[in-house]
Each structure stands twice: as C-alpha cells, then as structure tokens.
Amino acid sequence: MRMKTFDWLGREFVAVSCEGSDGVPADQGMDGILDRIEEGIGRMGLSLGDTVRTRLWARDRESRNLGSQARSRRMRDGARSSSSSYIAPGHLDSEATVALDFIAMRSGGAKRLVEYDPPIVPLRYLDLEGLVFLSGVTSTTGNLAEQVTEVCGFIGESLEHAGISWEQAVLVSFFLHEAEDPAGLKEAFERAVAPRQARTEWSFVDGYSAQGKLIEIEVTAQR
C-alpha cells in the first residue's frame, strides 16, 4: 500500500494506492484493500467518510464486477464518493485481481452527494467546500470523437446542475481504450470543450463497465 499527503486547491488530501491479496477473489480482495486503507487513514485522523474519489482497477471483467459490488457494499451512506472503474491488468504490479486508488480530503464540512435521476451505482457528483468531484462518465455511441462529444455534453449538464461550468474545471482525467489514438482524443476534446484553466491527464485502459466504450472522463471542478 502506498500513501501520500498533498496540498491542492487550498485543502489537504490523502491519496492511497492499494492492491488486493494474491490468489483471492476480487470481492474479498476489495474488502481487504478497504480494511487496510481504513486503518492507514485512521492513523491520520481520517475515515472512509472523508473519501472524495475512488478509482477501481481490475484484471478482467469478472473481477471488475465483483470488486465494484464489494466497493459499493462497503462505501455506502456517508462513505460514498465519486467513482470509476477500469479493466487494466497492466496497472497491477502483483498477482492480485483488483486494486484501488483512493483520495480523501480533510474537511470540517458535510459532503453533498448528488444522484443521477433515476439513481445508478455511481454518484453524479460529490460537492464539498466548493469542490465538485464528478464520477467517471462514458458513452457507447459511435466512434471515439462521437463518444467524447457526448460525454462532454453529459459532464456539462452535471456541472450546470452543480451551479458551475466547464470554465471552473481544474482537472480532467481521460481513460482511453488502448486501441485508440491519444491525438484523436485531444482533437475531439478540443472541439467539444476547451477549459481555460483545467489540467489534463490521460491513461490507457483495456476496458470499462460495458462493451463498446472507448473513453471515460473524470472531472474535478472548483467554485
């Protein structure tokens, strides 16, 4: 397990990356991960209730599904956060079937958890002390450029729902299917939206929650 603290946007964050135990099913692996994270951040005076974002990495689709179900079971109510999940065996350094990137924020405020209508497993966004954390957003429509356009439209609607806009985005994280071209992603995104202040980052993944998806985009914004 790797843990670090960092200051960003005037707040203190704790980031943890942890892989499950070798040779156990992904749901048991995720329970073990969260046990270790809970113990680690507890020594820093934090709890799972301080979570603002989790990102699940899995070796295959079955592991993604089992790990996601276990995450939802453990991280309910006040521990819920923005979330995403990916199939990416190359992300795992061990023989584990699942891993988790976890971010908590030290705060004296209460999280506002906003659902989609109707609700689905991921939150629409988490709003805390002027920071808005959107869950990963995907599409199954058409090619990469068409999916980027549609996803950016969905994100724009969620930002508007939160009372802000793309101009307040501070970090845009792209998770691109390994068969796609990063140059095509950049071109499609610049056509769809060009935030003036947002930092961008991207990673390759092998798959998502469903077939046909080519991109997932996560956004963090500041009021």
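Remember, predicted model here, so these are calculated numbers, not experimental data.

**Some remarks on the pairing of strand β2 (residues 11-19)**
Line of reasoning, step 1. The buried fraction of β2 amounts to 7 of the 9 residues, a majority that puts the element mostly inside the structure.
Line of reasoning, step 2. Here strand β1 (residues 2-8) runs beside β2; their pairing, made up of 7 bridges, is antiparallel. Counted as the bridge partner of Trp8 is Arg11 from β2.
Line of reasoning, step 3. Hairpin remark: β1 followed by β2, antiparallel, with 2 residues in the connecting loop; positive phi at Leu9, about 55°.
Line of reasoning, step 4. Judged from the 7 bridges that link them, β2 and strand β5 (residues 98-105) form a sheet pairing that is antiparallel.

**Comments concerning the packing of aromatic side chains**
Line of reasoning, step 1. Inspection of every chain in the model, using the stated rule, returns 9 aromatic pairs.
Line of reasoning, step 2. Ring centres 5.4 Å apart and planes at 40° place the aromatic pair Trp57 and Tyr86 in the tilted group. Separated by 29 residues along the polypeptide, Trp57 in strand β3 (residues 51-58) and Tyr86 in strand β4 (residues 82-87) bring together distant segments of the chain.
Line of reasoning, step 3. Residue class for Trp57 comes out buried when judged on its relative accessible area of 4%.
Line of reasoning, step 4. Judged by centre distance (4.9 Å) and plane angle (75°), the ring pair of Phe174 and Phe189 falls under edge-to-face.

**Brief notes about the sheet that holds β5**
Line of reasoning, step 1. The mixed open sheet is built from 5 strands, whose spatial order is β1-β2-β5-β3-β4. Two strands bound the open sheet, and with one partner strand each, they are β1 and β4. Between one strand and the next, the sheet's axes are offset by a mean angle of 15°, whatever the strand orientation.
Line of reasoning, step 2. Sheet strands touched by helix α1 (residues 26-42): β1, β2, β3 and β5. Its angle to β5, the strand with the most contacts, is close to 30°.

**So, the pattern of salt bridges**
Line of reasoning, step 1. Enumeration according to the criterion identifies 13 salt bridges in this entry.
Line of reasoning, step 2. Between Glu218 and Arg53 there is a salt bridge, and its shortest N-O distance comes to 3.6 Å. One end of the pair, Glu218, is in strand β12 (residues 215-222); the other, Arg53, is in strand β3, with 165 residues separating them in the sequence. Of the two residues examined, Glu218 and Arg53, each falls in the buried class.
Line of reasoning, step 3. A single salt-bridge network, built from bridges that share partners, covers Asp31, Asp35, Glu38, Arg73 and Arg74.

**A short note on the side chain of Ser139**
Line of reasoning, step 1. Relative to the assigned elements, Ser139 resides in the loop between β9 (137-138) and α3 (144-161).
Line of reasoning, step 2. A relative accessible area of 4% means that Ser139 is categorised as buried.
Line of reasoning, step 3. Separated by 3.0 Å, the side chain of Ser139 and the backbone nitrogen of Thr141 make a polar contact.
Line of reasoning, step 4. Within the local environment of Ser139, its side chain forms a polar contact with the side chain of Glu150, the two groups lying 2.5 Å apart.
Line of reasoning, step 5. For Ser139, the contacting residues outside a window of four places in its chain are Gln147, Glu150, Val151, Gly212, Lys213, Leu214 and Ile215.

What counts and how
- Residues numbered from 1 in each chain as written.
- Predicted model: local features only at pLDDT ≥ 70, side-chain atom pairs only at ≥ 80, totals over all residues.
- Heavy atoms only, no water.
- Buried < 20%, exposed > 50% of the residue type's maximum accessible area, 1.4 Å probe, protein only.
- Helix = DSSP H or I, 4+ residues; strand = E, 2+ residues; numbered from the N terminus.
- Pairing = 2+ DSSP bridges.
- Phe/Tyr/Trp six-rings, centres within 6.5 Å; stacked < 30°, edge-to-face > 60°.
- Axes fitted to C-alpha atoms, helices over the stretch in contact; angles between N-to-C directions.
- Contact = heavy atoms within 4.5 Å.
- Salt bridge = Lys/Arg side-chain N within 4 Å of Asp/Glu carboxyl O.
- Polar contact = N/O pair within 3.5 Å; in protein donor to acceptor, adjacent residues only side chain to side chain.

On their own, these measurements won't tell you what the molecule is for.
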